[in-house]
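Okay, here's what each chain looks like letter by letter:
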Amino acid sequence: MRLDAVELRIIALPMATPFVASHGTVSTRTSVIVRIISGASEGWGECAALPEPTYSDEYVDDALLTLRDHLVPLLFTADVPLTSSDLPALFANVQGHPMAKAAIELALLDFEGRASNISLAHLLTPHPPGPATNVPAGVALGLAETPQEIASDAAARVAEGYRRVKMKIAPGRDREFVAAVRDAIGKDVALSVDANGAYSLADMADMAALAELDQFALSFIEQPLAADNLLDHAELARRLSTPICLDESLTSELVTREALDMGACSVVCVKAPRYGSWLQAVQVLDHCAGLGIDAWVGGMLDGGIGRAANLALAAHPGASLAGDLAATSRFFTDDICAPFTLRKTDGTATMSVPAGYGLGITIDNDALHRLTIHTEAIRR
Ligand code: MG
């Protein structure tokens with residue numbers, strides 16, 4: 001494609017309820033939206049960076065500047081035609097900022113899918129058996145004030161059909177809270193916990209609390225320790241019977257392979273924006289599938305574009321466990337495209353993988369206008 005212009009927007013999605021994790025609270029989900037324009041054609045991307053630098057060092061305002069001042073100008077220096085596979089070389093001298101880079105790649109993939117009449121799911125899983133047409137839904141519950149509160153929330157989600165529940169934990173909000181949820185949802189629902197790095201191997205109370213979680217038949221404990229500490233995760237994995245899953249630690253395909261090789265985790269959370277590339281996320285899923293390692297697609301309080309992309313990625317056969325794939329209404333009361341909803345198959349909630357070309361969604365221009373709080377355009 002020959003790029004004519006890139007439009008960058010910040011949109012503000014109203015959240016149904018604030019989402020609380022050990023790293024912070026999100027009440028309004030702002031995010032950067034990327035629209036690439038070539039002639040009469042376009043492609044859309046969404047940057048996963050949160051409003052504040054809590055989950056990782058990227059955040060909305062920083063991503064906007066990185067896109068506007070560094071990444072987008074490079075797109076105009078590229079040879080024509082520009083393709084998604086050109087981006088790693090083009091961005092090689094911009095350190096970090098994986099979520100901003102992944103947003104541009106997603107817009108190019110959407111553009112390429114529309115141009116070649118192929119869905120993003122088929123672009124990401126081109127080989128037989130091809131992508132799944134629907135995937136199991138999974139829900140993530142934020143930190144609650146009391147065990148009873150999170151248990152009733154979990155029970156309500158299971159009543160909606162979710163058969164995979166992930167709950168945030170933090171020191172002091174772990175054993176009793178997990179016990180209450182397990183009690184409320186029963187043994188047959190897959191339950192996991194996500195600590196967002198809030199525990200320390202050196203803290204005896206922390207280690208005692210994590211060891212107590214072994215009794216609840218959890219699918220995994222996600223990111224119990226600091227993101228940059230693979231060795232301590234390997235040590236913790238030897239002490240616990242519950243599998244360790246890593247999220248924040250896995251910043252590239254190489255680091256993911258290293259983490260698996262050293263036993264720092266035995267389950268992989270795949271987030272394309274964390275890797276800086278949807279195509280690299282596919283390589284991670286291929287690698288995990290080859291080793292027989294369980295992997296699943298994680299979410300970032302995504303709006304419709306990110307949700308569509310995650311569904312396409314989760315349709316890859318390497319995504320063996322249900323991911324953070326929930327109905328739009330679980331998080332937001334408004335969005336820039338039609339909401340994603342649950343389907344129930346034999347009482348189990350699933351979500352349809354968008355089958356249209358590219359992302360397979362239609363941007364609602366009225367909603368886009370209503371929800372945009374900042375716009376700028378960069379032209380050739
Ligand atoms: Mg996580």
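Residues numbered from 1 in each chain as written. Predicted model: local features only at pLDDT ≥ 70, side-chain atom pairs only at ≥ 80, totals over all residues. Heavy atoms only, no water.

Visitor: Honestly, the packing of helix 1 (residues 60–77) against helix 3 (residues 98–115) in this entry has me stumped. Any pointers?
Guide: In helix packing, the relevant descriptors are the interaxial angle and the interaxial distance, both defined with respect to the helix axes. Where helix 1 meets helix 3, the axes come as close as 10 Å, and the angle between the chain directions of the two elements is 50°. When the axes of helix 1 and helix 3 are compared, the pair comes out oblique. Classified by chirality, the crossing of helix 3 by helix 1 is right-handed. Contacts from Ala63, Thr66, Leu67, Leu71, Val72 and Leu75 of helix 1 reach helix 3 at Ala100, Lys101 and Ile104. Classifying every residue of the contact of helix 1 with helix 3 gives 7 nonpolar, 1 polar and 1 charged. (Axes fitted to C-alpha atoms, helices over the stretch in contact; angles between N-to-C directions. Helix = DSSP H or I, 4+ residues; strand = E, 2+ residues; numbered from the N terminus. Parallel < 35°, antiparallel > 145°, perpendicular 65-115°, else oblique. Left-handed = near helix turned anticlockwise from the far one by under 90°. Contact = heavy atoms within 4.5 Å. Nonpolar A, V, L, I, M, F, W, Y, C, P; charged D, E, K, R; others polar.)

Visitor: When you look at the pattern of salt bridges in this model, what are you seeing that I'm missing?
Guide: When the charged atoms of two side chains lie near each other, side chains of opposite charge can form a pair. Applying the stated criterion across every chain, the model contains 23 salt bridges. The closest approach of N and O atoms between Asp194 and Lys166, which form a salt bridge, is 3.5 Å. Linking Asp194 in strand 7 (residues 190–194) with Lys166 in strand 6 (residues 164–168), this pair joins segments that are 28 residues apart in sequence. Exposure remark for Asp194: the relative accessible area of 0% places this residue in the buried category. Of the charged contacts, one joins Glu253 and Arg257 as a salt bridge, the two residues approaching to 3.9 Å between their closest N and O atoms. (Salt bridge = Lys/Arg side-chain N within 4 Å of Asp/Glu carboxyl O. Buried < 20%, exposed > 50% of the residue type's maximum accessible area, 1.4 Å probe, protein only.)

Visitor: Would you mind showing me how to read helix 8 (residues 230–239) here?
Guide: Counting along an α-helix, one turn takes 3.6 residues, and residues three or four places apart therefore face a common direction. When we look at burial in helix 8, the residues that qualify are Leu230, His233, Ala234 and Leu236. An end-on view of helix 8 places all buried positions within 165° of arc, on one side of the element. Turned more than 90 degrees from where helix 8 packs its buried face, Leu231 and Arg238 sit exposed. Tucked inside the fold, the buried residues of helix 8 contact helix 7 (204–212), strand 9 (244–246) and helix 9 (253–261). (Arc of directions from axis to C-beta.)

Visitor: Is there a simple way to explain the side chain of Glu58 in this structure?
Guide: Among the structural elements, Glu58 can be located in the loop between strand 3 (41–46) and helix 1. Buried charge Glu58 goes without a salt bridge, the closest partner of opposite sign being Lys101 at 8.3 Å. Within the structure, the side chain of Glu58 is placed 2.7 Å from the backbone nitrogen of Met99, a separation counted as a polar contact. Here Ala100 takes part through its backbone nitrogen, which lies 3.1 Å from a polar atom of the side chain of Glu58. When near neighbours in sequence (up to four residues on either side) are disregarded, Glu58 contacts Ala49, Leu50, Glu52, Pro53, His97, Pro98, Met99 and Ala100. (Lys, Arg positive; Asp, Glu negative; His and termini not counted. Polar contact = N/O pair within 3.5 Å; in protein donor to acceptor, adjacent residues only side chain to side chain.)

Visitor: Please explain the coordination of the magnesium ion as it appears in this structure.
Guide: Ideal geometry at a metal centre gives angles of 109.5 degrees when four donors are arranged tetrahedrally and 90 or 180 degrees when six donors are arranged octahedrally. On the protein side, the magnesium ion has Asp194 (OD), Glu222 (OE) and Asp247 (OD) as donor atoms, found 2.1 to 2.4 Å from it. Between the donor residues of the magnesium ion, the gaps in sequence give the motif D-x27-E-x24-D. Residue Glu222 is found in strand 8 (residues 221–222), and its partner Asp247 is found in the loop between strand 9 and helix 9; the two are separated by 25 residues along the sequence. The buried category is assigned to Asp247, whose relative accessible area is 0%. (Donors = N, O, S within 2.8 Å, 3.2 Å for Na, K, Ca; no water.)

Visitor: I keep staring at empty space enclosed by the protein and nothing clicks. Help me out?
Guide: The full count for this structure, using the stated rule, is 2 cavities of 30 Å³ or more. Forming the walls of the largest cavity are 25 residues, and the residues nearest its centre are Phe19, Lys168, Gly299, Met300 and Leu301. Looking at side-chain class alone, the lining of the largest cavity contains 12 nonpolar, 5 polar and 8 charged residues. Each of domain 1 (5–117 + 360–379) and domain 2 (123–352) accounts for three or more of the residues forming the lining of the largest cavity. Considering only enclosed or pocket space, the second largest cavity measures out at about 60 Å³ in volume. The set of elements that each furnish at least two residues to the lining of the second largest cavity consists of helix 3 and helix 12 (304–314). Of the residues forming the lining of the second largest cavity, the biggest block, 3 residues, is contributed by helix 3. Of the residues contributing to the lining of the second largest cavity, the split by class is 7 nonpolar, 2 polar and 2 charged. Split by domain, the lining of the second largest cavity shows at least three residues from each of two domains, domain 1 (5–117 + 360–379) and domain 2 (123–352). (1 Å grid on protein atoms, 1.4 Å probe; cavity = no way out; pocket = protein on both sides within 12 Å on 5 of 7 lines; lining within 4 Å. Points joined across faces, edges and corners; volume = space filled by probe spheres on them. Domains from an automatic or database assignment.)

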